[in-house]
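Structure at a glance
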Amino acid sequence: MFPANFGYVAARSVNEALRLLVEHGDGAKLVAGGHSLIPAMKLRLASPRTLIDLGTVPGLSGVKIEGNNLIIGALTVHADVASSDLVRKHLPGLADAALVIGDMQVRNRGTIGGSVAHADPAADFPVILTALNASFVARSSSGSRSIAADDFFTDFYTTAMTANEILTEIRIPLPLSGSGTAYVKLPHPASGYAVVSAGVLVTRQSSGSCTSARVAIGGLGSGPVRAVAAEAELQGKPLTPQVIAAAAAKAAENTNPMDDTYADAEYKRHMAAVFARRAIEKAVERAAR
Amino acid sequence: MTAEAEFAAIPISVTVNGVKHDAVVEPRTLLVYFLRDHLNLTGAHVGCDTSQCGACTVHFNGRAVKSCTILALQANGAEIKTIEGLANGDAFHPVQEGFREKHGVQCGFCTPGMIMTAVDLLETNPNPTDDEIKHAFEGNLCRCTGYVNIVESVKWAADKMRR
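1. Overview of the overall build of chain A
Each helix and strand in chain A was counted, giving 12 helices and 14 strands. Here chain A has a C-alpha radius of gyration of 19 Å; the compact-globule value for 289 residues is 19 Å, and the two agree. Taking the principal axes of the C-alpha coordinates as reference, chain A spans close to 60 × 45 × 30 Å. Across the 289 residues of chain A, 54% fall into the buried class. Considering only contacts within chain A whose residues lie at least 6 apart along the sequence, 65% involve residues at least 24 apart.

If you want it as structure tokens, here you go:
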């Protein structure tokens, strides 16, 4: 179908986009790559009155290192996150996630900022970015603030940003030496969206014992969930296959996933443990390199 | 503001297959319909409603994209290449030749999209493995061929382009 009629403004700066958001109020939607919004508009699940195009604002894409952080502009497309030498070197788990989003054409248009701001419960980036302890810079007309991933994804398709804020960049602390990162997902066979997924950041000493672990699971709640029981099982222990399996078994602890037409809750909980194990193993293998 | 003013058509300038086109389009015009209805370039096909099938795939500033999921307005200032722009006069692109040589076509509906995706793949990865080819084609569906000859066509083209 065609989208319902709407007005469109090509913003030329973040400040202009912020002004337009306030001017158009409830009826306005920002569009970046448009690969969540436009499909929704074509099915008339969304019918904003005015689209404000962020794609026409220069300077919002790119990957760079600043101090101890990797900084990714919100308008960076998934394909460029996946192929970035900096991402592949420092945060291969992030590249893992970028490579399994959608398909090649989607990855050439969809943006990391759009994915994060849209907060689809089945999306890939929110899970890995939670594992990586990322923070998100939200700009409003009164300034900027940084929101930690742990606090950002508050409900289905809902974030801690207000209607008058624009996500401009994603900041990820560079992992300490001896760290490994990984992301794996169980894709729905038709849509490719994550049924469950696991993102991991693990740090080990040269002796092999784990000094810290962050395990985020997708598909069990309204957004990414930290598997704190699994993390506690890894903490301070040698990262042997047995320890990893015991930790992964706790991936779904304290969650209450819903049954759906493809997967019931018991299946999701079981697969969360399977994929948590795979992600932890992959991260540990990278940490040992 | 009246509805007409609020939803008013907007001027754009888009280069398609090397030719610059100035047009005025309603905001809700999808790029695929701009190409098909305004420019009569009907090689890009509309095969689904859910951005899954890839029959609409064209190149946008050198990258394969689904033109059904892009507004014509978002293509303002961009360079678009469609299947019609691939051949060099009478000389087919090696990917087009490959689809002929290896019978990667049955009804032909998915074919322009398949070819545009293949061209992007081979431009970034000139020697792909079978797995890499299949991964690259996740966004292109075919109801006829079962995909085997499509993969063979791409490999044939990759071979020719490397020589």
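What follows continues from the structure just given.
2. What to know about the domain arrangement of chain B
Residue and element names in this part refer to chain B. Its domain assignment divides chain B into domain 1 (3-85) and domain 2 (94-162). Within the residue set of the side of domain 1 that touches domain 2, elements represented by two or more residues are strand S3 (57-60) and strand S4 (63-66). By residue class, the composition of the side of domain 1 that touches domain 2 is seven nonpolar, seven polar and two charged.

3. Section: the sheet that holds strand S1 (residues 7-10) of chain A
All names here are of chain A. Strand order in the open sheet made by the three strands is S1-S3-S2, with parallel pairing throughout. Both edges of this open sheet fall to S1 and strand S2 (28-31), since each of them pairs with a single strand only. Neighbour-to-neighbour, the strand axes of this sheet turn through a mean angle of 25°, independent of strand direction. One ladder, built from four bridges, connects S2 with strand S3 (residues 50-53); its direction is parallel.

4. Some details on the domain arrangement of chain A
Residue and element names in this part refer to chain A. Per the domain assignment, the segments making up chain A are domain 1 (7-53), domain 2 (63-173) and domain 3 (179-287). Taking only C-alpha atoms, the centre of domain 2 and the centre of domain 3 are 20 Å apart. Contact with domain 2, which involves 23 residues of that partner, is made by 22 residues of domain 3. Sorting the residues of the side of domain 2 that touches domain 3 by element identifies helix H5 (92-99), helix H8 (125-131) and strand S8 (153-155) as the ones contributing at least two each. The residue inventory of the side of domain 2 that touches domain 3, partitioned by class, reads 15 nonpolar, four polar and four charged.

5. Section: the confidence of the model for chain B
Residue-level pLDDT values for chain B average 96, and 98% of them are 70 or greater. For this predicted complex, the interface confidence reaches an ipTM of 0.97, while the overall pTM sits at 0.97.

6. So, the packing of helix H3 (residues 94-101) of chain B against helix H4 (residues 111-124) of chain B
All names here are of chain B. It is the contact of H3 with H4, at a shortest axis distance of 9 Å, that shows an interaxial angle of 125°. Here H3 is positioned oblique relative to H4, judged by the angle of their axes. Taken as a pair, H3 and H4 cross one another with a handedness that is right-handed. Across from Val95, Gln96 and Phe99 in H3, the residues of H4 making contact are Thr111, Ile115, Ala118, Val119 and Leu122. Across the contact of H3 with H4, the residue classes break down as six nonpolar, two polar and no charged.

7. Details of H5 of chain A
Residue and element names in this part refer to chain A. For H5, a buried count of six out of eight residues is recorded, marking the element as mostly surrounded by other parts of the structure. All of the buried residues in H5 are Gly93, Leu94, Ala95, Asp96, Ala97 and Ala98. Its buried side turned inward, H5 meets helix H3 (78-83), helix H4 (85-90), H8, strand S11 (179-187), strand S12 (194-204) and helix H12 (265-287).

Rules used throughout
Residues numbered from 1 in each chain as written. Chains lettered and ligands numbered in written order. Predicted model: local features only at pLDDT ≥ 70, side-chain atom pairs only at ≥ 80, totals over all residues. Helix = DSSP H or I, 4+ residues; strand = E, 2+ residues; numbered from the N terminus. Rg over C-alpha atoms; globule rule 2.2 N^0.38 Å. Buried ≥ 20, exposed ≤ 12 C-beta atoms within 10 Å, placed from the backbone. Contact = placed C-beta atoms within 7 Å. Domains from an automatic or database assignment. Nonpolar A, V, L, I, M, F, W, Y, C, P; charged D, E, K, R; others polar. Pairing = 2+ DSSP bridges. Axes fitted to C-alpha atoms, helices over the stretch in contact; angles between N-to-C directions. pLDDT = per-residue confidence, 0-100. Parallel < 35°, antiparallel > 145°, perpendicular 65-115°, else oblique. Left-handed = near helix turned anticlockwise from the far one by under 90°.

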